[in-house]
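# Geometric and topological summary
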Amino acid sequence: MSYAANDSQLPPSPCPGEILLTGPSSSVTSAAPPAPLPASSRPEQDPVPGEPAVGLRDVATGYDGVSVLHDLSLEIGRGEFVGIVGPSGSGKTTLLRLLTGRAEHHRGEVEVLGRKVRHGRAPDGVGYVPQLEIIDWDFPLTVEQVVLLGDTQHSRPVPWFSRAEKRRAHELLERLGLAGLERRRIRELSGGQRQRMFLARALLRRCELLLLDEPTSGVDLATRGDVLRLLGDLHHLGLTVVLTTHDLNFVAAHLPRIVCLNQEITADGVPAEVLTPEALERTYGAPMRVLHDRGRVVVVDDEQIELHAAPDHRAGRVEHDHTPDLPLGAEAGPQPLPGDDAEA
Amino acid sequence: MDLGELFLTPFQYAFFGRAMVAGILIGAMCGALSVFVVLRRMSYIGHGLAHSVLGGVAVGVALGVELYVGAIAATVVSALLIDRVTRRRGMHADAAIGIVTTAIFAIGVAVLSIVPTRINVEAVLFGNILGVDRTDLWVAAGVAAAFLVILVTLYKRLVFATFDPEVAQVHGVRTGAIELVFSLSTAAVVVASVRVLGVLLIAAAVVIPAAIARLTARSFGATLISATVIGILASVIGLFGSFHINVPSGPTIVLAGAVAFAIVFLVTAALGRRRVVRAQRGDGTPAGGNLQGVRSNA
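So, how was this worked out
- Residues numbered from 1 in each chain as written.
- Chains lettered and ligands numbered in written order.
- Predicted model: local features only at pLDDT ≥ 70, side-chain atom pairs only at ≥ 80, totals over all residues.
- Heavy atoms only, no water.
- Phe/Tyr/Trp six-rings, centres within 6.5 Å; stacked < 30°, edge-to-face > 60°.
- Lys NZ or Arg CZ within 6 Å of the ring centre and 35° of its normal.
- Contact = heavy atoms within 4.5 Å.
- Buried area = accessible area lost by both parts, 1.4 Å probe.
- Salt bridge = Lys/Arg side-chain N within 4 Å of Asp/Glu carboxyl O.
- Polar contact = N/O pair within 3.5 Å; in protein donor to acceptor, adjacent residues only side chain to side chain.
- Helix = DSSP H or I, 4+ residues; strand = E, 2+ residues; numbered from the N terminus.
- Nonpolar A, V, L, I, M, F, W, Y, C, P; charged D, E, K, R; others polar.
- Core = buried A, V, L, I, M, F, W, Y, C linked by side-chain atoms within 4.5 Å.
- Buried < 20%, exposed > 50% of the residue type's maximum accessible area, 1.4 Å probe, protein only.
- Pairing = 2+ DSSP bridges.
- Axes fitted to C-alpha atoms, helices over the stretch in contact; angles between N-to-C directions.
- Right-handed = clockwise from strand over helix to strand, strands pointing away.
- pLDDT = per-residue confidence, 0-100.
- Parallel < 35°, antiparallel > 145°, perpendicular 65-115°, else oblique.
- Left-handed = near helix turned anticlockwise from the far one by under 90°.

## Description of the packing of aromatic side chains
- The tally for this structure, following the rule as stated, stands at 14 aromatic pairs over all chains.
- Among the aromatic residues, those joined into a ring-pair cluster are B:Phe7, B:Phe11, B:Tyr13, B:Phe15, B:Phe16, B:Phe240 and B:Phe243.
- Just above the ring of A:Tyr128 sits the side chain of A:Arg102; from NZ or CZ to the centre is 4.8 Å.
- Looking at A:Arg194, its charged tip hangs above the ring of A:Trp137, at a distance of 4.2 Å from the centre.

Structure, rendered in structure tokens:
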């Protein structure tokens, strides 16, 4: 089967700017103006230009009567690169669900790309990259098949994909450094390759806003840097990127804007302003220390947890402290703490 | 027994020809459906919906209506209730299936105990090729045609919603509607299969083909085609077995599939061990595929 290029028939760029990535750590080489979309792949409603990418006004949401987010007002401009941080259960994923029409808000207004978001109806122009941990990696799909599924909404209702669709997927895979892996089973990919594959799937859909749920979770440091460089490239091409993460130092070092979340927005701004001990304690409910190292902000856990060295069980021996002999059975029970009432 | 006697003699009986046509259609449908059932980890759904058939058949016959009317009503009600209950946060599909379908099965058992009917309970439970009539054939053909249309037109959406429902929804796939279509399709396949497979053995027929296919196929399309072919072969072998050893068709079809699974499982395990040993000796492709050069792309 030939995929001979005919430029006049090439599908349009999936994003506002043509993506010209040459490899994992490539930089942008040029940005072509967006090609007009054919009617078949045009979103049902074109986003309103000039409107913010994300607009939340006094939003409250929750499940089964339990409030998860409240008094949420947030604006993210087009072309911004924003990291959402907060403890587990703070509502980070729920915020992404709100933006993608998968969570119902019972107060306020949610707008994405200038259009109101309604529950159960995904807004156009949004690409989504899920957590790697929730995926069944034994699912019998190849890399190419996963990427092609990204534009199912605009694909013909037949079990196969057209040459044009395949060519576009191959181009994206090549630009994301996955050329030659099209027919590989997804379980054979490394963590970084899996992230790239999902990015390709998100980009195959014409998207202006890219949402990523914990993209740095479960990947090694090299992969994390790799993913970040790639997101940086996409951001410089004009894509609005919003990601959630637990990795405070990652966002502090690389992202221009951080939103701290714990059921409400506790801080919002550039890392140097947002990552203060007060704001972090407000967000995480625990003291944290903020260090400044050569212009970079580094957050460290202020809690001192002393771990006792494990006893040496090698060769069946356990080395005990030299404690005075106790009466038989005395070491079995809990020892009284200083200040405890001796008679209690 | 020569080959002619083995394969041709059964076709001297009209009922066997009808059973074979129905069996092939049902085997193909159950095989294709099994891929989605297994990948969605909903193996229990075939079991549950088939059980609800008994309830529907019993109530229907007690009310004096056609057997299929009761069966369709029971499975459709079950599928809709399961769909409704699982949409509620915190309620998993297995719990919903367990509650809804077992309750309808219990109604059927109670009705059979109270109301005297002429239902051949053994045939409903285990299948009976003698009972396959023209109506059964038309039902199987109709359901197969509808299932094929759904599979072809919704293939990409079904695969996307099965693989990654969250992202499928964000990317414009109406996953709620897809779930409902899937549940109703499963209900229809179950109803069409009851005559040949029996209530108690449908569950295996919508699991075994995909379980075998997953051991060998690499892509989704290959898995789907393999499972469909395996479903057909299990039906054909099982129907011949049913005729010759005079055992209900449900058990023989399921046993044919189970034996095939055991053989493929053992062979693929042995091949996997051989690959590991060869890889450890350094004279072959590494176990799990040749990943050389992959890291450099990461």
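## Overview of the interface of chain B and chain A
- The interface is formed by 34 residues belonging to chain B together with 54 residues belonging to chain A.
- When chain B packs against chain A, close to 3,800 Å² is buried across both sides, 56% of that on carbon and sulfur atoms.
- At the boundary of chain B with chain A, the tally comes to four salt bridges.
- Here A:Arg201 makes a salt bridge to B:Asp164, at a shortest N to O gap of 2.8 Å.
- For the pair chain B and chain A, the number of links is 12 residue pairs in polar contact (both at pLDDT 80 or more).
- When residues of the side of chain B that touches chain A are traced back to their parent elements, those giving at least two are α7 (134-153), α8 (155-163), α9 (165-170) and α13 (220-245) of chain B.
- Among the elements that take part in the side of chain B that touches chain A, α8(B) stands out by supplying seven residues, more than any other.
- For the side of chain B that touches chain A, a count of residues per class yields 14 nonpolar, 10 polar and 10 charged.

## Quick notes on the nonpolar core
- If you look at the biggest cluster of nonpolar residues, it comprises 167 residues, and the most contacted ones within it are A:Met197 and A:Leu231.
- Counting residues per element, this core draws most heavily on helix α2 (residues 14-39) of chain B, which supplies 15 residues.
- Those residues in contact with A:Leu231 that lie beyond four places of it in its chain are A:Phe81, A:Leu199, A:Leu210, A:Leu212, A:Val241 and A:Leu243.

## Side note on unusual backbone geometry
- Residue A:Asp71 is not a glycine yet carries a positive backbone phi of 50°.
- Mapped onto the elements, A:Asp71 comes out in strand β2 (residues 66-76).
- For A:Asp71, a relative accessible area of 44% puts it in the partly exposed group.
- We note that B:Asn246 has phi near 55°; this positive angle belongs to a residue other than glycine.

## Side note on helix α1 (residues 92-99) of chain A
All names here are of chain A.
- Across the eight residues that make up α1, a large majority, six, are buried.
- For α1, every residue scored as buried is listed here: Lys92, Thr94, Leu95, Leu96, Leu98 and Leu99.
- Glycine 101 lies just past α1 and shows a positive phi near 75°.

## With respect to the sheet that holds strand β7 (residues 209-213) of chain A
Residue and element names in this part refer to chain A.
- Sheet architecture is open: six strands sit in the order β6-β7-β8-β3-β9-β10, paired in mixed fashion. Taken across any chain shown, the strands that pair with only one partner, and hence form the sheet edges, are β6 (126-129) and β10 (265-269). Pairwise comparison of adjacent strand axes, ignoring direction, gives a mean angle of 15° for this sheet.
- Contacting β3 (81-85), β7 and β8 (240-245), helix α5 (residues 221-236) runs over the sheet at an angle of about 135° to β3.
- Along the sheet, helix α8 (residues 277-284) contacts β3, β9 (257-261) and β10; its crossing angle with β10, the most-contacted strand, is approximately 140°.

## Some remarks on the pairing of β7(A)
Residues and elements named next belong to chain A.
- Among the five residues that make up β7, five are buried, leaving the element largely enclosed by the rest of the structure.
- Burial along β7 is two-sided: Leu209, Leu211 and Asp213 facing one way and Leu210 and Leu212 facing the other are all buried.
- Both β6 and β7 contribute to a ladder of four bridges, which runs parallel. Bridging across to β7, valine 126 finds its partner in leucine 209.
- Here β7 runs beside β8; their pairing, made up of five bridges, is parallel. Counterpart to leucine 212 in the pairing with β8 is leucine 243.
- Handedness of the β7-α5-β8 crossover: right-handed.

## Brief notes about the confidence of the model for chain A
- Scored by pLDDT, chain A comes out at a mean of 76, with 73% of its residues at no less than 70.
- Low pLDDT, under 50, characterises residues 1-48 of chain A; the predicted model gives this stretch 102 contacts beyond four residues in sequence or across chains.

## Quick word on the packing of helix α4 (residues 191-204) of chain A against α5(A)
All names here are of chain A.
- For the pair α4 and α5, the least separation of the axes is 9 Å and the interaxial angle reads 20°. For the element pair α4 / α5, the angle class is roughly parallel. α4 and α5 meet at a crossing whose hand is right-handed. Here α4 contributes Gly191, Gly192, Gln195, Arg196, Leu199 and Leu203 to the contact with α5, which in turn contributes Thr223, Asp226, Val227, Leu230, Leu231 and Leu234.
- Residue composition of the contact of α4 with α5, grouped by class: six nonpolar, four polar and two charged.

## Details of the sheet that holds β2(A)
Residues and elements named next belong to chain A.
- Spatial strand order, β2-β1-β4-β5: four strands in an open sheet with antiparallel pairing. The sheet terminates laterally at β2 and β5 (115-116), the two strands that pair on one side only.
- Across the sheet, α1 is in contact with β1 (54-63), β2 and β4 (105-112); its angle to β1 comes to roughly 115°.

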